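Letter by letter, the chains look like this.
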Amino acid sequence: MGWLGSLLRRLLSSSAQRRPRRTIPDALWQNALAACPWLDDRTQSERARLRELCALFLEDKEFHGANGLNITDAMAVQIAAQACLPVLGFGTGSLPLRWYDDFVTIVVQPEEVLAPRTVVDENGVVHEYEEELAGEAMPEGPVMVSWQDVRTASDAEAIAQGYNVVIHEFVHKLDLRDGVADGCPPLPSGFMGLAPRAARQHWQDTLEAAYDDFKEACIRADRFGAAETWLDPYGAEHISEFFAVASEAYFVNRARFTREHPTLLALFDAFYRPGA
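Being a predicted model, the structure only gives us computed values, none of them experimental. Every chain is numbered on its own, with residues counted from 1 as its sequence reads. Reporting in this predicted model follows two pLDDT cut-offs: at least 70 for local features of residues, and 80 or more for side-chain atom pairs to be given and counted; totals over whole chains, interfaces and linings ignore these cut-offs and use all residues. Neither water nor hydrogens contribute to the side-chain values; these are computed over all heavy atoms in the structure.

Undergrad: What is the right way to read the packing of aromatic side chains from this model?
TA: In this description, a pair of aromatic rings is defined by centroid distance and the angle of the planes. Aromatic pairs are defined between Phe, Tyr and Trp rings, using the six-membered ring for Trp, whenever the two ring centres lie within 6.5 Å; interplanar angles under 30 degrees are classed as stacked, those over 60 as edge-to-face, and all others as tilted. This structure, assessed with the given rule, holds 23 aromatic pairs. Judged by centre distance (5.6 Å) and plane angle (85°), the ring pair of Tyr250 and Phe268 falls under edge-to-face. In this pair, Tyr250 sits in helix 9 (residues 239-252) while Phe268 sits in helix 11 (residues 262-272), placing the two residues 18 residues apart along the sequence. According to the relative accessible area criterion, Tyr250 is buried, its value standing at 3%. The structure contains a cluster of three or more aromatic residues connected by ring pairs, namely Phe90, Trp99, Phe191, Trp203, Phe243, Tyr250, Phe251, Phe257, Phe268, Phe271 and Tyr272. Note that Lys61 overlies the ring of Phe103, its terminal NZ or CZ placed 4.1 Å from the centroid. To qualify as a helix, a DSSP run of H or I must reach at least 4 residues; to qualify as a strand, a run of E must reach at least 2; elements of each kind are numbered from the N terminus. A 1.4 Å probe rolled over the protein chains alone gives each residue an accessible area, and that area as a share of the maximum for its type sets the label: buried under 20%, exposed over 50%, partly exposed in between. Each ring is checked for a lysine NZ or an arginine CZ that lies within 6 Å of its centre and within 35 degrees of its normal; such an atom marks a charge sitting over the ring.

Undergrad: I would appreciate a short explanation of the pairing of strand 6 (residues 143-146) in the present structure.
TA: Put simply, side chains in a regular strand alternate between the two faces of the sheet. Alternating residues of strand 6 divide into Val143 and Val145 and Met144 and Ser146, and every residue in both groups is buried. The pairing of strand 2 (residues 105-109) with strand 6 spans 4 bridges and is classified as parallel. Following the sheet pairing, Gln109 is matched in strand 6 by Ser146. Paired strands, in this sense, are two strands between which DSSP finds at least two bridges. From the end of strand 5 (residues 135-137) to the start of strand 6, which pair antiparallel, there are 5 residues, and Glu140 there has a positive phi angle of about 55°.

Undergrad: Just to check I follow, could you spell out the sheet that holds strand 1 (residues 62-65) for this structure?
TA: Within a sheet, neighbouring strands are paired by backbone hydrogen bonds and run either parallel or antiparallel to one another. A sheet is described by the order of its strands in space; here 4 strands give the open sequence 1-2-6-5, paired in mixed fashion. Since the sheet does not close on itself, it has two edges, and those belong to strand 1 and strand 5, each with one partner. Recorded for the sheet is a direction-independent mean angle of 20° between the axes of neighbouring strands. By the convention used here, residues are in contact when the closest approach between their heavy atoms is within 4.5 Å. Whenever a helix is involved, its axis is fitted only over the stretch in contact; in every case the axis is a line through C-alpha atoms, and angles between N-to-C directions fall within 0 to 180 degrees. Strand contacts of helix 7 (residues 165-175): strand 2, strand 5 and strand 6, with the helix running at about 165° to strand 6, the strand carrying the most contacts.

Undergrad: What is the right way to read the side chain of Glu248 from this model?
TA: If you trace the backbone, Glu248 turns up in helix 9. One buried charged residue, Glu248, forms no salt bridge at all, with the nearest opposite charge on Arg256 at 14 Å. Polar contacts here mean pairs of N or O atoms no more than 3.5 Å apart (in protein, one a potential hydrogen donor and the other a potential acceptor; neighbouring residues in sequence count only if both atoms are side-chain atoms). A polar contact of 2.6 Å, which involves the side chain of Glu248, links it to the backbone nitrogen of Asn164. With residues up to four places along the chain from it excluded, the contact list for Glu248 reads Gly162, Tyr163, Asn164, Val165, Ile167 and His168. Residues scored as positive are Lys and Arg, those scored as negative are Asp and Glu, and His as well as the terminal groups of each chain are ignored. By salt bridge we mean one thing: a side-chain nitrogen of Lys or Arg within 4 Å of a carboxyl oxygen of Asp or Glu.

Undergrad: Sorry if this is basic, but what is going on with the packing of helix 2 (residues 26-35) against helix 3 (residues 44-60) here?
TA: In the contact formed by helix 2 and helix 3, the axes pass within 12 Å of each other and the chain directions differ by 115°. The angle between the axes of helix 2 and helix 3 places the two elements in the roughly perpendicular class. Viewed along their axes, helix 2 and helix 3 form a crossing whose handedness is right-handed. Contacts between helix 2 and helix 3 involve Asp26, Trp29 and Leu33 from the former and Arg47, Leu50, Arg51 and Cys54 from the latter. Gly counts as polar in this scheme, as do all residues outside two lists: the nonpolar Ala, Val, Leu, Ile, Met, Phe, Trp, Tyr, Cys and Pro, and the charged Asp, Glu, Lys and Arg. For the contact of helix 2 with helix 3, the class distribution of residues is 4 nonpolar, no polar and 3 charged. Orientation is classified from the angle alone, with under 35 degrees giving roughly parallel, over 145 giving roughly antiparallel, 65 to 115 giving roughly perpendicular, and any other angle giving oblique. Handedness of each helix crossing follows the sense of rotation of the near helix against the far helix: counterclockwise by less than a right angle gives left-handed, clockwise gives right-handed.

Honestly, it's all geometry; don't read function into it.
So this is what it looks like as structure tokens:
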């Protein structure tokens, strides 16, 4: 057992130090940075590590354009930069990409798609409808994003609203890592100085309190004419959607996120570990 444990540690260490076979060309990387102006707030060291992580990500994943969409290198690098940002603080080398090792394919649609949905209400009646999707993350399956929505990453309005479809869908992948879409991803050992059970309880209590407040704000806006919420009201659909919506805003507009959701800031900082 000791020998096996030593071997596993060496293999994990080797994997952690894996370097990309090729670096991302300067022109493509500068294009990706221009498409993600909120990365200007990151240090030069962080951007360098992000560039290397993106190169490893591109070696591991396959991009497929749907409905005739041709995926260019520039498109792939732009998506990779946004997909890798949430896991940037999760270790060295290729360690962060283990969070994404349950899938290979990224499907890029030209624009939003209509997906068939079926729900059963409390009376047992089946309802079928179509939902317009800008993206979707499937458990142990591919990630789909709309290129029309990806392109808005650099828009001042999208940044002001804290909107980013790529980050949103890849945060869903983090949430689904333990097999359950409940807004609580697996937490690192010693999270916020707490034992595992206490850490998870603290995460759930903090997120659920913010989620309940957000749902109430959405109801007041929708029914009683109160001010619209800053975060996308879609986050009120389920706590997993709230986690994804809040996370995208945390990454693309930290200043506004800090003002709007101060109780979540310490939680997300401890999890995403910016600057680590």
